[in-house]
Amino acid sequence: MADITVNQLATQTFYQIPQIFMSRIEKQYVDGKLQKKIKLTSRYAKKLSNDAKLAYGALYDRCLLSIKSYSEGKMDYVDQNGSVFLIFTIEDLMDLLDRGKTTVHKIKRELKEAGLLREVNQGANRPNRLYLQNVDASLQEYEHYIPEVIVKGRNKEEIIYTHVMTLDYAGNVIFEKNVSASSEGENGSSENERPTNPIKSSKNGSSKNERPKSDIHGVQILNGTNTENTNTEIILDNSSRKPAPTSDELDHPAGADDTLSQENSEKKFIKPEVYSLLQEIADSYFDHLPWDNAYHLTHRQKMQIGGYLETGWATSSEVLHCIERIPQDCQSPYAYLIRSVENLISERKMEAKILAHQQANMKYGV
């Protein structure tokens, strides 16, 4: 290891990633006491995956090289409008980003849906032109958090930071929450705050549904501490993406066989040869659904699908086929997938039962 010295930065090259892609915190102090936290975030920070953010930086670096070559009199990567374009096949992007084919397709789709990439087909078996787009500074948002003291018991206090307001780039209020002291209940929460889905807690204070939920403004509600006799929630959103559908979809898919679902929902260990197929299934599930919903399979959901594959009544290719049949406008895609797989397994079992009866009739004449 070697420390970075003051004379070394100029000798190193870096990919540039726009700051608007990342969330960052500014703190305001009065008389040495923290009065407010302001979280600078954006739709890019919330929705783009880290792979997509790094890919933008790598492609932007290539744009700079094209601009430099243009200044030297080369017109290879500048069109008639003066716009810089890039020539990358999928294989080229796989090498550049060090990612697999499925991941590269997902990255391109993310950038396109975010308005950061435009692709032009040249035809005649020639690779497409990629036009990297400028980021939209108006998507910057400012989330304001204020510290609140929560009394947990005798001589026990805890400070949480409550999201009270979100402003857009122009200073317009897009979210506001009433946290006046006069309206606070016994548990320290505001009676006027906008309703969110409650998180049921078990006896030891831990949440039964460990995945964070989101309120109607897309702000995640994460459990605070795991200490007994507290249900304190801290509102901080660090996800780059939207959460998968709620666990109710996993445990009770609409119209599915409850017994079969319950057995597989308890599955904790999957054979290695089956587990290796689950990431391909998860990637296909994410790729098939619209980017603005950004559904993804959780570990527990993968375990449930792995349990079905282990039974031998369904294959991974059949699960992939079921994913392809999920409607694009489906409100509960995971429930739809599980129902399709369980229907397939039920049909296979019925076929096996009929075949067994036929064989018994042929052998024993009964």
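Above this text you will find the structure in question.
Quantities reported herein were computed from a predicted structural model and do not represent experimental measurements.

Once that is clear, we can look at the nonpolar core. Formed by 26 residues in total, the largest nonpolar core has its most connected members in Phe21, Tyr44, Leu48, Leu59, Leu111 and Leu116. Of all elements in the fold, only helix H2 (50-71), helix H3 (90-97), helix H4 (101-113) and strand S5 (129-132) reach the threshold of two or more residues within this core. Sort the elements by how many residues they give to this core and H2 lands first, with six residues. Ignoring sequence-local partners within four residues, the contact set of Leu111 consists of Ala52, Ala55, Tyr56, Leu59, Leu116 and Leu117. Core analysis: the next-biggest nonpolar cluster, separate from the first, contains 25 residues, Val274, Leu289, Ile305 and Ala314 among them.

When two helices pack together, their arrangement is given by the angle between their axes and by how far apart the axes lie. Between helix H9 (residues 316-324) and helix H10 (residues 333-364), whose axes approach to 9 Å, the crossing angle comes to 135°. Regarding the angle of H9 to H10, the classification is oblique. Here the hand of the crossing between H9 and H10 comes out right-handed. Contacts from Glu318, Val319, Cys322 and Ile323 in H9 reach Leu337, Ser340, Val341, Leu344 and Arg348 in H10. Its residues placed into classes, the contact of H9 with H10 shows six nonpolar, one polar and two charged.

For the rest of this paragraph, the subject is the pattern of salt bridges. Think of it this way: side chains of opposite charge can pair up when their charged atoms draw near. In total, this model carries seven salt bridges according to the counting rule given. Here Glu143 and Lys46 are joined by a salt bridge, their closest N and O atoms 3.2 Å apart. Of the two residues, Glu143 sits in strand S6 (residues 140-153) while Lys46 sits in helix H1 (residues 43-47), which places them 97 residues apart along the sequence. In this structure Glu143 comes out as buried when scored by relative accessible area, which is 1%. For Lys46, a relative accessible area of 16% gives the class buried. A salt bridge links Glu119 to Lys108, with the shortest nitrogen-to-oxygen separation between them at 3.0 Å. One end of the pair, Glu119, is in strand S4 (residues 117-120); the other, Lys108, is in helix H4, with 11 residues separating them in the sequence. You can call Glu119 partly exposed: its relative accessible area is 26%. With relative accessibility at 11%, the residue Lys108 sits in the buried group. A single network of salt bridges, built from pairs that share partners, joins Lys46, Glu141 and Glu143.

Basis of the calculations
Residues numbered from 1 in each chain as written. Predicted model: local features only at pLDDT ≥ 70, side-chain atom pairs only at ≥ 80, totals over all residues. Heavy atoms only, no water. Core = buried A, V, L, I, M, F, W, Y, C linked by side-chain atoms within 4.5 Å. Buried < 20%, exposed > 50% of the residue type's maximum accessible area, 1.4 Å probe, protein only. Helix = DSSP H or I, 4+ residues; strand = E, 2+ residues; numbered from the N terminus. Contact = heavy atoms within 4.5 Å. Axes fitted to C-alpha atoms, helices over the stretch in contact; angles between N-to-C directions. Parallel < 35°, antiparallel > 145°, perpendicular 65-115°, else oblique. Left-handed = near helix turned anticlockwise from the far one by under 90°. Nonpolar A, V, L, I, M, F, W, Y, C, P; charged D, E, K, R; others polar. Salt bridge = Lys/Arg side-chain N within 4 Å of Asp/Glu carboxyl O.

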